[in-house]
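# Analysis of the macromolecular model
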Amino acid sequence: MYFTTELRQISILIKQWRVTTMKGVSGSIVAVLALAVLYECAKGLHVYLRSRLQNQNERTNMTKRRIYRSEAFTQFLKMCLFMAELSFAYFLMLITMTYNTWLFIAVVIGRGLGFYLVTPLMISYEGREETDDYIDISMDSLSTRHQQL
């Protein structure tokens, strides 16, 4: 397999998403760009929710029964968000594996644009300096949680 720049008869993800015209290629590139930006937004939302939940747990003094219900619901929400992130990631991987240069570039630019848009929001919320990825923010949250236990 090798990368190609051919714009005729591109099949993307599903059988019905077959591109044969320049308008179709342009629309597909915009759709892939949007999907990549949404993926980065989902990652940022995951970090935001995790740190917000940690702050909320630190401030509240509830009974153990109420905490258990809250943690079960929170765990369910985190699972749903994780599954959405995983789906986005696999869709982007499969789009990249079409080996179409233009779609690959759309994935890379979309992820970069999403990172560019989401990172300042995460920094302003967390009050931390810029990081290479959201992992540093979440690792800080995990380390403070571990110290509390």
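Residues numbered from 1 in each chain as written. Predicted model: local features only at pLDDT ≥ 70, side-chain atom pairs only at ≥ 80, totals over all residues. Heavy atoms only, no water.

- You'll find the chain entered in an unreviewed UniProt entry as Copper transport protein, with Pocillopora damicornis given as the organism.
- We quote the UniProt Sequence similarities (unreviewed entry) comment for the chain here in full: "Belongs to the copper transporter (Ctr) (TC 1.A.56) family. SLC31A subfamily."
- According to the UniProt record, the Subcellular location (unreviewed entry) comment for the chain reads "Membrane". (UniProt positions renumbered as here; feature names shortened; annotations may be inferred.)

### Comments concerning the pattern of salt bridges
- Throughout the structure, instances matching the rule amount to two salt bridges.
- Taking the shortest distance from any N to any O, the salt bridge between K43 and E40 comes out at 3.8 Å. On the criterion of helical spacing, the pair formed by K43 and E40 is a turn pair, its members being three residues apart in helix α1 (residues 22-59). For the pair formed by K43 and E40, the shared burial category is buried. (Salt bridge = Lys/Arg side-chain N within 4 Å of Asp/Glu carboxyl O. Helix = DSSP H or I, 4+ residues; strand = E, 2+ residues; numbered from the N terminus. Buried < 20%, exposed > 50% of the residue type's maximum accessible area, 1.4 Å probe, protein only.)

### Examining the UniProt feature "transmembrane region" (unreviewed entry) in the chain
- Per the UniProt record, "transmembrane region" (unreviewed entry) is found at residues 25-42, 72-93 and 99-118.
- Taken end to end, residues 72-93 has its terminal C-alpha atoms 31 Å apart, with 100% of it in helix and 0% in strand.
- Along residues 99-118 one finds 90% helix and 0% strand; the C-alpha atoms at either end are 28 Å apart.

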